[in-house]
Amino acid sequence: MLGAGGEPPKKGRKGWVIAIASALAVVLLGGGAVWAVGALGGGGTQPHEVLPAASIAYVRLDLDPAANQKLALFQIAQKFTVTKDSFKGEDPRQALFDAIQKDDDDLAKLDFAKDVDPWLGSRVGLGVVPSGKETPDFALAIQVKDQEAAKAGITKLMGEEKYGLAFRDDYALISTTQQLADKYAAEQGSLADNAEFGDDLAAMGEQGVLSFWTHVGKLTELAKGELTADQTQLLDQVKTARFAGALRFDGAYAELAGVVRGGKNLTEGVELPGSPLATLPASTAGAFSMSGLDQLITSKWAEIEKQAAATPSGAQFKQFVEQAKTQFGLQLPDDLATILGKNFTIAVDSEGLDNDQVKGGVRIATDPAKAQAVLDKVIQAMTSSGQQPPQIAKVAGDGVFTVATTDEYAKKLAEDGTLGDSETFKTAIPDPDAATFGLFVDLDKVEKLYLASLQGDEKANAQVLRAVGFSGTQTDTEASFSLRVLFN
C-alpha cells in the first residue's frame, strides 16, 4: 500500500480529483468542450467493483463508455458549431484536465502529457461511506495504468493537501486518511456485492457516460439532526427507497434517466391512470400532463396548509384560501380536487402561434357535472362583483371535461388525436401509455417565436434542437423518469 500523509484535508481546494464531477457538465455540454470517440471500448473493471461495500451513495464518470455511447456523442457533437470543428478525437481526459486547470492556478505548472497521461485511466467513481459521525467518509476510485506513475502524478496534483492513497486492482483509492485508504483497499467485498445496488443498476439499464446511485433513507439519516418533525415524517416515506440514474446518449437525443425503487405509500395506495398525451391533436406544440393530483390534494391538504403557513408567504396563502371559500363559494380541497381530476392535461396548439391567436386548453379526467358546477361558482362570483369572466369554450364528455380558448379547439382537444403517431413525440416520450406524468414541447413547431431574435451561431445551434420530453411513471413503491433533449 502506498500513501501520502494521514491528516484530514484542509477546507478549500479539494484537488482536481474531487473537481472531476463538477467539471463533467462543462466537458459534456459547455461551449467548445471536446469529447473524443477514440477506440471502441467500454469493458474492464468498473469503480463500484473496488469501492467500499458500505457505500450509501455512488457517482461514476466513464470516459470510455460503450461503443454506442461514443458514436452517439460524436453524432451529436457534429451538429453544433461550438463542437463541430473542435471534435477531432482529442483525448477526453485531457479535455477534463484542461477544463479544471483553467480555474486552478495550482495546476498551471502541470503538464498533461508528462504528469497525467502516463498513468490516468478513463473511469472515476466516488463512494460515500457512513462514518458514525455527522460528516461521512468517502473513497475516490481513479482508474490507473501504472501504479508507480500514478503515485507520483497524484502527489503533484494534490499539492500540499493531506490525503490517503492506496491501490486496489487497477484503481487508485483516495480518502481523507491513509488508514481509511488502506482499509478500503484491503476489503474483501465491494459495492458490487450489494444486491440492491446491482438490481437498481440493472433496472436503470444503459449506464451511459455518467451514472449515480444512493440509498435515500441512509443518506438522509446523516442529516436527521437538522430536520424538523414534519420533514422527518415526510422522509419516512422514502427511508427504504433507493435512487439510481444515468446520463446517456443516442444519435437523436441526450437522456437523463432515473428510477426510485423500494419506496412506500408513494401514491397512497392509489393506482394512477396513464397520461393521455399520445391522444392529443397532432398539431400540438406543447403539453403537460399529471395524474393523481386529486388524490394528492385530498390526502395532503392539511399538510399543505400547515407547511404553507410556516413559509414567509403563509399569510397570503391563508388569505387566498379564505377568499376562495367566501368570495367564490368553493369547498376546499374537494372543489380543487375536482378541477385537477384524476388526470390534468394542458395543451397549446401550433396553429395560431404566429398571429397571437393562441389556441390552448385543458382536458381533465373528472366528473364533468361537478367540474361545471365549480366553474359556474367562479363565473357567478366574478359577475356579481362586477368582473368580466373569461370567455372559454367547454365540452363535457364521458368522464372528461375540456375547456379551451375557442369552440373549435375545445372540440379538437376533447377528441382523440394522433400526436402519438409523430416520430418526434415517440422519441421524446418513450412509453406514453404507461406514463403518469409528462411534458412535451415540439421545438420545431415553436422555434418561429424565438429564432428571429437570434443570429449567427446562436441561431444555428438553436435550430439543431428538435424537441424536449419529460415523462415517467409512479406506483406505490417505485417511480421512474426520462428527460430527453432531441436534435435535428
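Just above, that's the structure.
Residues numbered from 1 in each chain as written. Predicted model: local features only at pLDDT ≥ 70, side-chain atom pairs only at ≥ 80, totals over all residues. Heavy atoms only, no water.

Topic: a nonpolar patch on the surface
A cluster of nonpolar side chains, contributed by L256, F288, I346, L439, F470 and L483, occupies part of the molecular surface with about 420 Å² of accessible area. Overall, L439 belongs to the partly exposed group, its relative accessible area being 32%. (Patch = residues over 30% accessible without salt bridge, like charges linked within 9 Å, V, L, I, M, F, W, Y side chains within 5 Å. Areas by Shrake-Rupley, 256 points an atom, 1.4 Å probe, with all protein chains shown as cover. Salt bridge = Lys/Arg side-chain N within 4 Å of Asp/Glu carboxyl O. Buried < 20%, exposed > 50% of the residue type's maximum accessible area, 1.4 Å probe, protein only.)

A closer look at the packing of helix α11 (residues 293-309) against helix α12 (residues 314-326)
Angle between the axes and distance between the axes: these two values describe a pair of packed helices. At their nearest, the axes of α11 and α12 sit 7 Å apart, and the two run at 140 degrees to each other. By the angle between their directions, the pair α11 and α12 is classed as oblique. Together, W301, I304, E305, A308 and A309 of α11 and G314, F317 and V321 of α12 make up the contact between the two elements. (Axes fitted to C-alpha atoms, helices over the stretch in contact; angles between N-to-C directions. Helix = DSSP H or I, 4+ residues; strand = E, 2+ residues; numbered from the N terminus. Parallel < 35°, antiparallel > 145°, perpendicular 65-115°, else oblique. Contact = heavy atoms within 4.5 Å.)

A word on unusual backbone geometry
Residues L332 and P333 are joined by a peptide bond in cis, for which omega reads 10 degrees. Structurally, the position occupied by P333 is in the loop between α12 and α13 (334-340). Look at D169: it is not a glycine, yet its phi comes out positive at around 55 degrees. When its relative accessible area of 56% is taken as the criterion, D169 is described as exposed.

What about the side chain of T427?
Relative to the helices and strands, T427 resides in helix α16 (residues 423-428). There is a polar contact of 2.9 Å between the side chain of T427 and the backbone oxygen of E423. Excluding residues within four positions of it along the chain, T427 makes contact with Y253, R484 and L486. (Polar contact = N/O pair within 3.5 Å; in protein donor to acceptor, adjacent residues only side chain to side chain.)

Thoughts on the pattern of salt bridges
Side-chain pairs of opposite charge can arise whenever the charged atoms involved come near each other. Using the criterion set out here, one finds 16 salt bridges in the structure. Between D62 and R60 there is a salt bridge; the shortest N-O distance is 3.1 Å. Residues D62 and R60 agree in their burial class; the two are buried. In this structure, a network of salt bridges that share partners links the residues E196, D200, R242, R261 and E478.

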